[in-house]
Amino acid sequence: MKIPHIIRLAVVVLFFSFFAQAQQIKVNKLEPANWWTDMKLNNVQLMVYGENLSNVTASFANAPAKVHNVKNSNYCFVDVKIPAKPGKYSLKLKNSSGTVEIDFPVYARENNPSNHKGFNNEDVIYLITPDRFANGDTGNDSVEGMKEAFDNTRLGRHGGDLQGIINKLDYLKDLGITAIWLNPVVENDTKFSYHGYGATDFYNIDKRFGTNELYREFVQTAHKKGLKVILDHVANHCSIDHPWMKSLPVPEWVNGSVENHLSAQHHKMVLSDIHGDERTKETLQKGWFVDAMPDLNQTNKFVANYIIQNTIWWIEFSGIDGIREDTYPYADEKFLSDWAKAILEEYPDFNIVGEVWTGKAAFLAYYQKNSYMPRKFDSNLPSVTDFAIRDMFYGFLKGEKNIYNIYETFAMDYLYPAPDKLVTFIDNHDVTRAMLAAKGNSTKVKLALGILFTSRGIPQILYGTEIGIQGGEDHGLLRADFPGGFSNSERDAFTKEGRTKEENDLFDFTKKLLELRKKYKALSKGKMIHFPPYGDVYGYVKKYKEENILVIVNASEEKREISLKDLGKFVNFSKTATDLMKDKKLRLDSENTLNIEGSTLLILKL
């Protein structure tokens, strides 16, 4: 049948009308959504999410902008030069169907002297799992549309949030803490998400914790109280529920695919192993940490730019002082070197500690900046987590290691270019709590804390260690609620009245150590000179300028008589000493001997 010309014309018009409509640009999201003037990183790559983004041209601040078109038309990347003056700017995207304009404000840089101070061995870091610390806003316990609601089970969300932490800052200040590290608080809209390590949005705080503005308020409030803030950052992976996984920006955005990927093997020594094979290295750095956490491909230029910009965005937006980088060896090491360099060039006083979970000092030392170990390039990483000394603390508490093993581990410090910059700890959110390892023996925990806070490094404790929370073996129990932080708490351990006698004893002991550490620079930043243990007694001097402090740990349950002659010039001139824990004078024996009770820590100012 012959179709009339008028009908054919109508069909053609309709087709082209539909085609034109289908090709109209739609923008759903822009990352980052803003930037600042006077930044060293002032050439920014914008990630545009939407529809029909293939074959677009762009302009920004009335100047042409370079567009990177990719095969997936739901994304494009646009390089823009940030103007010298703050203002309300916009990104304009254009194709044959029209133009779309997206607001992109550029703010004046704040340059607040309270921000970006870094952290060092004069600090004491307090690690908090936000969901398990304190619930300050019950209104955000469950958020409509998110995958997990409030669920007070072992692996559920318990309702802790940023407001709860803000409410308890005075408690931390009173304890003597100087820096706070929170497990990640960005959006984790996925299953078993309370811990924060499965991001579904890298630019927004999880609504169950609060908002971006509340996070900035938390940092500002902490700074006003003299407390620094450390961001827990994850460059290695995201959640399987991240929107990227439904439509990858580029095929190489992650290593492998949901159906076909390597599983990460945990041989961290392979990067420094001169005999190591490439396949083992590949499974470490390209394997998925777990199946629910796709491995980001940092060798892809778009992924690398995204992560570096996102990190700097959070630093500038919030004012934080440092970063703890999660699963450090699992990400591409050349990328991490560039990432750290970009951050430290932008913020010279900043600090970064990489989580390297291995108990061998020789393997740990490979990762630190200016490492003596052979490598193709410098890591630019100032600090690493000292799992070597942590394993000795743990073994000591369990009764499987002794004080000599701790001495031996410190004796390996020649391997590190900067041992004073290592972050030392007894427990954290991933390993058995100190009191559980010690089977409730608070005396042993005190000895370990005494060494932690008076030896070299930057000490860190897990929330609740100061009151002896035991938790359990698995992660859900290990990350126990802090008593008093929740409406169903039977008592309030944030107060002296709400703590048991045993809890107050450990709290007061910890507080006293932190007071001494703050008062006497020798304890925090002094040179450490130690002596081989004898009869389960370990001694070391911390020396800073004219200040000499002798620490003696009697790990035996029996009373010991200690000869001070072996300590040389540090005690020969001293007829008296001050017992700093008890604040009383001691007369040193004419024969230079000292009696010390069993399971005792002495801190003597000479």
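Residues numbered from 1 in each chain as written. Predicted model: local features only at pLDDT ≥ 70, side-chain atom pairs only at ≥ 80, totals over all residues. Heavy atoms only, no water.

Colleague: In this structure, what is going on with the side chain of His 429? I would like to understand it.
Modeller: Among the secondary structure elements, His 429 is positioned in the loop between strand 17 (423-425) and helix 11 (434-437). For His 429, a relative accessible area of 0% translates into the label buried. Side-chain polar atoms of His 429 contact the side chain of Tyr 197, separated by 3.1 Å. In this structure His 429 touches Leu 127, Thr 129, Trp 181, Asn 183, Tyr 197, Arg 324, Leu 462, His 475, Leu 478 and Arg 479, once residues within four positions along its chain are discounted. (Helix = DSSP H or I, 4+ residues; strand = E, 2+ residues; numbered from the N terminus. Buried < 20%, exposed > 50% of the residue type's maximum accessible area, 1.4 Å probe, protein only. Polar contact = N/O pair within 3.5 Å; in protein donor to acceptor, adjacent residues only side chain to side chain. Contact = heavy atoms within 4.5 Å.)

Colleague: I tried to follow the nonpolar core on my own but got confused; where do I start?
Modeller: The tendency in soluble globular proteins is for nonpolar side chains to be buried as a group. If you look at the biggest cluster of nonpolar residues, it comprises 170 residues, and the most contacted ones within it are Leu 91, Tyr 126, Tyr 215, Phe 218 and Trp 253. Here Trp 253 is in contact with Met 47, Phe 77, Trp 244, Leu 248, Leu 296, Asn 297, Phe 302, Val 303 and Tyr 306, once residues within four sequence places are set aside. Within the second largest apolar cluster, 14 residues are counted, among which are Phe 531, Val 541, Ile 562 and Leu 602. (Core = buried A, V, L, I, M, F, W, Y, C linked by side-chain atoms within 4.5 Å.)

Colleague: Which parts of the structure should I look at to understand the sheet that holds strand 5 (residues 63-69)?
Modeller: Strand pairs in the sheet, formed through backbone hydrogen bonds, run parallel or antiparallel to each other. A sheet is described by the order of its strands in space; here 8 strands give the open sequence 1-3-6-5-4-7-8-2, paired in mixed fashion. In this open sheet, the two edge strands, each paired with only one partner strand, are strand 1 (26-31) and strand 2 (35-36). With 9 bridges connecting them, strand 7 (residues 87-95) and strand 8 (residues 98-107) associate as antiparallel partners. Bridging across to strand 8, Leu 91 finds its partner in Ile 102. Across the face of the sheet, helix 6 (residues 301-318) comes into contact with strand 1, strand 2, strand 3 (43-51), strand 5 and strand 6 (75-81) while running at roughly 110 degrees to strand 3. (Pairing = 2+ DSSP bridges. Axes fitted to C-alpha atoms, helices over the stretch in contact; angles between N-to-C directions.)

Colleague: Sorry if this is basic, but what is going on with the pattern of salt bridges here?
Modeller: It is possible for side chains of opposite charge to pair when their charged atoms get near one another. Under the defined criterion, the tally for this structure stands at 27 salt bridges. Here Glu 316 makes a salt bridge to Arg 109, at a shortest N to O gap of 3.2 Å. Highlighted residues: Glu 316 in helix 6 and Arg 109 in the loop between strand 8 and strand 9 (125-128), separated in sequence by 207 residues. Residue Glu 316 shares its accessibility class with Arg 109, and that shared class is buried. The shortest N-O distance in the salt bridge between Arg 279 and Glu 282 comes to 3.1 Å. Pair noted here: Arg 279 and Glu 282 are both in helix 5 (residues 278-286), with a separation of 3 residues, about one helical turn. Under the relative-accessibility criterion, Arg 279 is labelled partly exposed at 48%. (Salt bridge = Lys/Arg side-chain N within 4 Å of Asp/Glu carboxyl O.)

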